[in-house]
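# Remarks on the overall topology
Here is how the chains run, residue by residue.
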Amino acid sequence: MRRTFVVGRRVLRQLRRNPRFLVLTIVGPLVIVYFLKLFFDTFPEGFDTGRYAVPAAAFIVHFMAFLLCAIALVQERTAGTMERMFVNGFRRAEVIGGYVLGYLGLATFQAAVALGEVLWLFELDYDADVLASLFAVVWLLAIASVMLGIFVSTFARRESQVFPFIPLIAFPSVFLSGLLMEPDELPRWAELLGRAFPVFYANEVIQEMIEPGGALADVWTNFAVLAGYGAALLVLASLTLREVE
Amino acid sequence: MDAIELEGLEKRYGKKVQALRGVDLSVRKGEVFGLVGPNGAGKTTLIKALVGSLRPSGGRARVLGLDPLKDRTELRRRIGYMPQSPVLYDDLSGLENVEFFGAAHGVRGLRERAREALRFVELEERANDPVHTLSGGMKNRVSLACALVHRPEMLFLDEPTAGVDPRLRSRFWAAFRELARGGVTLFISTHLMDEATLCDRVAILRQGRVVVSDSPREILRRGRTRLLVRENGKEEERIIGGRPEDLAEALHAYGLRKSVSAVSVETDSLEQVVLSIIGEEA
Ligand SMILES: Nc1ncnc2c1ncn2[C@@H]1O[C@H](COP(=O)(O)OP(=O)(O)OP(=O)(O)O)[C@@H](O)[C@H]1O
Ligand SMILES: [Mg+2]
């Protein structure tokens, strides 16, 4: 456990020493959300932009957290620092746990910033309890995304091997997870496939909560699935991360 | 018990490349052991197998009496490893790097020990500079400090002096000697034959095989000594064995007459001896 914190502290410290990287990872989503606003401004008055805007913010946070974490970990492998960590006695679970801790802070911050901007730009006005559950679900999604990044990185020996995973994760999330339409209008198999992506569960919660009269009680299972999703990936990653080549 | 015992160690990468073709080797406790070989000889592969980060395809390896894979938890506490080319976190300072790898071992009084390691490699005054602002040789020194911060019994150093200037190189070797005096066993790879002479014993690795393994002095004795004698203005060359006693014998046999105006001796360098051994085997 102590060594998990050692890794986490080191990951955080590296992030802090990289102000340009930090600013880009925060400003990037902000700019994208602003583009989204420009896009929706072309729509006729009275169009329900909230139904798309909040899930879009969730997706951006998901994608950034996934990508940054996956690439950072693969870089450790290519640089040889991963091997050096293992030879110095760090265990797989400690390396993974450390990354979760390190990126948790970044993911939390991204979730707060992206959600805050969407609410402000789109002038969305929700009750405090709705806001709380929106933040909670985006945050949980961000954690699952970090785990997904860690899991995917264990299949890549080099940075270039991460790239093929990016569209494989991003596009199904956009088209099958209900960001753009109701998933139950999809063919059955496509709907089931959509459920393999964490954005699906986050979107379910978001859609319910932003409906007038939406109740958390109706979607709490999605929270549980999302948490379980992250935990399962964590276990899988600690099995697929190789300590010995 | 020897520090390292290897029997027929093999490693294949895929179907084509066989990096190690049955390596037999023993390294004694407390010695400075050199692993010498050209690019692609298999030095890095062998070291990785010994520190338990690579699974061999065959053979047996024991390091400090432990199996590098099965007993890796215990082994990793007792060894230090410096990879080829400095493997460090560029955004962090030298001190932070040393502390991070030291923290893995739960080193007590970590800050002081990390400083001490950096002092040992004479990099104290740059301890707080980010690694990416250091020169290549300085990075090497930080990397060495990371390998010894937890005071391991045994050090594996993969080409520690590559890209290091001659002055610093001799400082490095003095440091290795100092560590060995303190009881640490050192396993050092290099492609420089002149560094081999600084080791207690060496193994010459070539295409995944150990060609010779002995002390540099013993290996040199397998070489030839040429005795050049100038008599009445004529140069005469005699080839004798590599041992000093052979030289005296040859001189006795020759007899130093007044007509002999000059005598000189040329001996094979370690490199020449090794090349001739390889030649004999081929
Ligand atoms: N990951 C790998 N996949 C495939 N082949 C490899 C791999 N690593 C090393 N090899 C091959 O194994 C052989 C030995 O390589 P190794 O890196 O052990 O040599 P070396 O003696 O350390 O060389 P150098 O002095 O250049 O560091 C080479 O033929 C190399 O191409
Ligand atoms: Mg090498």
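Residues numbered from 1 in each chain as written. Chains lettered and ligands numbered in written order. Predicted model: local features only at pLDDT ≥ 70, side-chain atom pairs only at ≥ 80, totals over all residues. Heavy atoms only, no water.

## Focus: the coordination of the magnesium ion (ligand 2)
Residue and element names in this part refer to chain B. Around the magnesium ion (ligand 2), the protein contributes the donor atoms T44 (OG1) and Q84 (OE1), at 1.9 to 2.1 Å from the metal centre. Within this pair, whereas T44 is found in helix α1 (residues 43-50), its partner Q84 is found in the loop between β5 (79-82) and α3 (94-103), the two being separated by 40 residues in sequence. For Q84, a relative accessible area of 35% translates into the label partly exposed. (Donors = N, O, S within 2.8 Å, 3.2 Å for Na, K, Ca; no water. Helix = DSSP H or I, 4+ residues; strand = E, 2+ residues; numbered from the N terminus. Buried < 20%, exposed > 50% of the residue type's maximum accessible area, 1.4 Å probe, protein only.)

## Some thoughts on the domain arrangement of chain B
Residue and element names in this part refer to chain B. Splitting chain B by domain gives domain 1 (4-213) and domain 2 (220-281). Using C-alpha coordinates to define each centre, domain 1 is positioned 38 Å away from domain 2. Residue-level contacts link 7 residues of domain 1 with 7 residues of domain 2. Buried area between domain 1 and domain 2, both sides added, is near 640 Å², and the carbon and sulfur share of it is 84%. On the domain 1 side of the contact with domain 2, M193, V211 and V212 bury the most area, a combined 65% of that side's loss. Our enumeration of links across domain 1 and domain 2 arrives at 0 salt bridges. The interface formed by domain 1 and domain 2 holds 0 residue pairs in polar contact (both at pLDDT 80 or more) in total. (Domains from an automatic or database assignment. Contact = heavy atoms within 4.5 Å. Buried area = accessible area lost by both parts, 1.4 Å probe. Salt bridge = Lys/Arg side-chain N within 4 Å of Asp/Glu carboxyl O. Polar contact = N/O pair within 3.5 Å; in protein donor to acceptor, adjacent residues only side chain to side chain.)

## A closer look at the interface of chain B and chain A
With 32 residues of chain B at the contact, the number on the chain A side is 25 residues. Buried area between chain B and chain A, summed over both chains or domains, comes out near 2,500 Å², and the portion from carbon and sulfur atoms is 54%. On the chain B side of the interface with chain A, the three residues burying the most area are R76(B), Y89(B) and F100(B), jointly 24% of the side's total. Summed over the shared surface of chain B and chain A, the result is 5 salt bridges. The partner of R72(B) in a salt bridge is E243(A), and the shortest N-O contact between them spans 3.0 Å. Across the chain B-chain A interface, the total number found is 18 residue pairs in polar contact (both at pLDDT 80 or more). Going through the elements one at a time, α2 (72-78), β5, α3 and α5 (136-148) of chain B are the ones with two or more residues in the side of chain B that touches chain A. The leading source of residues in the side of chain B that touches chain A is α3(B), at 4 residues.

## Some points on α3(B)
It helps to recall that an α-helix has 3.6 residues per turn; residues three or four apart then point in one direction. Across the 10 residues of α3(B), 10 count as buried, placing the element largely inside the fold. Here the buried face of α3(B) lies against α1 (2-16) and α4 (81-87) of chain A together with α4 (110-120) and α5 of chain B.

## Examining the sheet that holds strand β4 (residues 58-63) of chain B
Residues and elements named next belong to chain B. Reading across the sheet, the 3 strands line up as β2-β1-β4 and stay open at both edges, with antiparallel pairing between neighbours. The open sheet has two free edges, formed respectively by β2 (17-27) and β4, since each of these has just one partner strand. Strand after strand, the sheet turns through a mean of 25° between neighbouring axes, direction not considered. Two elements, strand β1 (residues 4-13) and β4, share 5 bridges in a ladder whose sense is antiparallel. Each residue of the ladder has a partner; that of L6, found in β4, is A61. Packed on one face of the sheet, α1 meets β1, β2 and β4 and runs near 120° to β1. (Pairing = 2+ DSSP bridges. Axes fitted to C-alpha atoms, helices over the stretch in contact; angles between N-to-C directions.)

## Some words on the site of ligand 1
Residues and elements named next belong to chain B. Close to ligand 1 lie 13 residues, the nearest being G40, K43, T44, T45 and Q84. Between ligand 1 and N39 there is a distance of 3.0 Å, counted from an oxygen atom to a side-chain nitrogen or oxygen. With respect to ligand 1, the side chain of Q84 contributes an N or O atom lying 2.8 Å from an oxygen atom. For ligand 1, whose free accessible area comes to 640 Å², the fraction covered by protein is 61%. Per-element tally for the shell around ligand 1: the top contributor is α1, with 3 residues. By residue class, the composition of the shell around ligand 1 is 5 nonpolar, 6 polar and 2 charged. (Near = heavy atom within 4 Å. Areas by Shrake-Rupley, 256 points an atom, 1.4 Å probe, with all protein chains shown as cover. Nonpolar A, V, L, I, M, F, W, Y, C, P; charged D, E, K, R; others polar.)

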